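Examination of the molecular architecture
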Amino acid sequence: MLYGDDPEQGLVNGRVLLHPAMRFRFEAPENFHIINGQTQVVAQGPDGAAFVFDLAARESRQAMTDYIRRTWAPEVPLRGVEAIRINGFSAATALAEATVGGQPSQVRLVAIEWDRSVIFRFMFFAPANQGQRFDEDFRRTTYSFRSISASEAEAAKPRKLVLYRVRQGDTAGGIAKHFPGEKYPRERFL
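Everything numeric here is computed off the predicted structure, so don't read it as measured data. (Residues numbered from 1 in each chain as written. Predicted model: local features only at pLDDT ≥ 70, side-chain atom pairs only at ≥ 80, totals over all residues. Heavy atoms only, no water.)

**Here's the deal with the environment of Leu 11**
The topology assignment puts Leu 11 in strand 1 (residues 11-13). In this structure Leu 11 comes out as buried when scored by relative accessible area, which is 10%. The spatial distance from the C-alpha of Leu 11 to the C-alpha of Asn 36 is 7.9 Å, given a sequence separation of 25 residues. (Helix = DSSP H or I, 4+ residues; strand = E, 2+ residues; numbered from the N terminus. Buried < 20%, exposed > 50% of the residue type's maximum accessible area, 1.4 Å probe, protein only.)

**Structural notes on the packing of aromatic side chains**
Counting across every chain of the model gives 25 aromatic pairs. An angle of 55° between the planes, with centres 5.3 Å apart, marks the rings of Phe 51 and Phe 124 as tilted. In this pair, Phe 51 is assigned in strand 6 (residues 50-57) and Phe 124 in strand 10 (residues 118-127), connecting sequence segments 73 residues apart. Seen in terms of ring centroids, Phe 122 and Phe 145 are 6.5 Å apart; in terms of plane orientation they differ by 90°. Their pairing is edge-to-face. You can see Phe 122 sitting in strand 10 and its partner Phe 145 sitting in the loop between helix 2 (131-144) and strand 11 (146-147), a full 23 residues away along the chain. (Phe/Tyr/Trp six-rings, centres within 6.5 Å; stacked < 30°, edge-to-face > 60°.)

**Structural notes on the pairing of strand 3 (residues 24-27)**
Each regular strand carries side chains that alternate between the two faces of the sheet. The pairing of strand 2 (residues 16-19) with strand 3 spans four bridges and is classified as antiparallel. Looking at the pairing, Leu 17 lines up with Phe 26 of strand 3. Taking the residues that link successive antiparallel strands as the turn, the strand 2-strand 3 hairpin has four residues, and the phi of Arg 23 there is positive, at about 65°. Two strands pair when backbone bridges link them, and strand 3 and strand 11 are joined in this way by two bridges, in the antiparallel orientation. Across the sheet, Phe 24 pairs through a bridge with Ser 147, a residue of strand 11. (Pairing = 2+ DSSP bridges.)

**Details of the environment of Phe 120**
With respect to the element layout, Phe 120 can be found in strand 10. Sequence separation of Phe 120 and Val 16 is 104 residues, and the distance between their C-alpha atoms is 16 Å. Sequence-distant contacts of Phe 120, defined by excluding residues within four places in its chain, comprise Met 22, Phe 24, Phe 53, Asp 54, Leu 55, Val 110, Ala 111, Ile 112, Trp 114 and Phe 145. (Contact = heavy atoms within 4.5 Å.)

**Looking at the sheet that holds strand 9 (residues 103-113)**
The sheet built from seven strands is open, its strands ordered 4-5-6-10-9-8-7 with antiparallel pairing. Across the chains shown, the open sheet's two edge strands, defined by having one partner strand only, are strand 4 (33-36) and strand 7 (79-86). Taken over all neighbouring pairs, the strand axes of this sheet differ in orientation by 20° on average, direction set aside. Looking at chain direction, strand 6 and strand 10 are connected through eight bridges and run antiparallel. Considered in strand 10, the bridge of Phe 51 is made with Phe 124. Those strands touched by helix 1 (residues 64-72) are strand 6, strand 7, strand 8 (89-100), strand 9 and strand 10, and its axis lies near 130° from that of strand 9. The strands touched by helix 2 within the sheet are strand 6, strand 7, strand 9 and strand 10, with strand 10 carrying the most contacts at an inclination of about 160°. (Axes fitted to C-alpha atoms, helices over the stretch in contact; angles between N-to-C directions.)

**Thoughts on helix 1**
Within the sequence span of helix 1, burial applies to Met 64, Thr 65, Tyr 67, Ile 68 and Trp 72. For helix 1, the buried positions fall inside an angular range of 165° around the axis, keeping them on one side. Contact partners of the buried residues in helix 1: strand 6, strand 7, strand 8, strand 9 and strand 10. (Arc of directions from axis to C-beta.)

**Considerations on the nonpolar core**
If you look at the biggest cluster of nonpolar residues, it comprises 27 residues, and the most contacted ones within it are Phe 26, Phe 51, Phe 53, Ile 112, Phe 122 and Phe 145. No other element matches the five residues that strand 10 contributes to this core. Each residue touching Ile 112, except ones within four places of it in the same chain, is listed here: Met 64, Ile 86, Phe 89, Ser 90, Ala 91, Val 118, Ile 119, Phe 120, Phe 122 and Phe 145. Listed in part, the 14 residues of the second largest apolar core include Tyr 67, Ala 73, Val 107 and Ala 111. (Core = buried A, V, L, I, M, F, W, Y, C linked by side-chain atoms within 4.5 Å.)

Rendered as structure tokens:
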């Protein structure tokens, strides 16, 4: 029986989100926790830092810089709008200021041209006075985005519940040691 993420919605393994159906992956910074939803992925980090990853339907063949300015954030004062390349994909980035949860925040937008119909988007948030502290982490996450091969997609397997017959002397910690790839296996088991 499947447990956790549906492979059609992407699989979270620690800090990595791997989407075998759409064939892409990216890695969140250390100390960030990924929450995979049906329409977006949210990653929460330390001290109020976070990011949201989603996709948008592509409605025209505009450049990614124009997409950020005119489609995604037309009413937002942007600075540093720049065309970039991310592992072979046309992309763009920009900075903005916003209030998130009542706190001033620095927001970095990243739009990635996946194909003629889809744009992937990262929206990174950091408290305004700590924006530079997270710049390198957010940059690494951005550039970790890449397509995956058919064999990588095929190898991605969801978690499944299995039956285990408890033996005398077993403990929660001992049973949990059989959980592959878990950061906190005992807590997951409990």
